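# Results of the structural survey
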Amino acid sequence: MKRGLIVYVTGGGELHEDSWGSYACMDRFAADVVGVAHSEFDIAENWWRMITRGMQEILCVRAQVDDEGMTFVGAPLRICG
């Protein structure tokens, strides 16, 4: 089963899809694809992009990024699958 992960950055610094933090998220949540969202619109856009790429399960996790790293807030939310 292919798994996608949307990281919703709600506070702190920036996170990009090709950065070290994204790859760390992929390893931690065993995801095949990762998307970064900064608003609710970005979550929907990433969800649609992952559905069209064939992801059977999509998770969304909220994160805060700062100089020392990334902190996850709450448990991951399963959007579909």
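The structure we're discussing is the one just above.
Structure report, in brief. (Residues numbered from 1 in each chain as written. Predicted model: local features only at pLDDT ≥ 70, side-chain atom pairs only at ≥ 80, totals over all residues. Heavy atoms only, no water.)

## Side note on the sheet that holds strand 1 (residues 3-12)
- Ordered in space as 2-1-3-4, the four strands form an open sheet in which the pairing is mixed. Sheet topology places strand 2 (33-37) and strand 4 (69-80) at the edges, where each strand pairs with a single neighbour. Strand-to-strand twist in this sheet, taken as the mean axis angle between neighbours without regard to direction, amounts to 25 degrees.
- Here five bridges tie strand 1 to strand 2, and the two strands are oriented parallel to one another. Paired with Gly-4 across the strands is Val-33, a residue of strand 2.
- Sitting on the sheet, helix 2 (residues 40-52) is in contact with strand 1, strand 2, strand 3 (57-66) and strand 4, with an inclination near 160 degrees to strand 2. (Pairing = 2+ DSSP bridges. Helix = DSSP H or I, 4+ residues; strand = E, 2+ residues; numbered from the N terminus. Axes fitted to C-alpha atoms, helices over the stretch in contact; angles between N-to-C directions. Contact = heavy atoms within 4.5 Å.)

## Points about the environment of Gly-35
- Among the secondary structure elements, Gly-35 is positioned in strand 2.
- The sequence separation of Gly-35 and Thr-71 amounts to 36 residues, and the corresponding C-alpha distance is 17 Å.

## Let's talk about the packing of aromatic side chains
- Per the stated rule, a full pass over the model turns up two aromatic pairs.
- Between Trp-47 and Trp-48, the ring centres sit 6.1 Å apart and the planes meet at 50 degrees, which makes this aromatic pair tilted.
- For Trp-47, a relative accessible area of 31% corresponds to the partly exposed category. (Phe/Tyr/Trp six-rings, centres within 6.5 Å; stacked < 30°, edge-to-face > 60°. Buried < 20%, exposed > 50% of the residue type's maximum accessible area, 1.4 Å probe, protein only.)

## Observations regarding the pairing of strand 1
- One ladder, built from nine bridges, connects strand 1 with strand 3; its direction is parallel. Along strand 3, the bridge assignment pairs Leu-5 with Leu-59.

## Some points on the side chain of Glu-57
- Secondary-structure assignment places Glu-57 in strand 3.
- Ignoring any residue separated from it by four or fewer positions in sequence, one finds Glu-57 in contact with Met-1, Lys-2, Arg-3, Gly-4, Arg-78, Cys-80 and Gly-81.

All we've got here are geometric facts, nothing functional implied.
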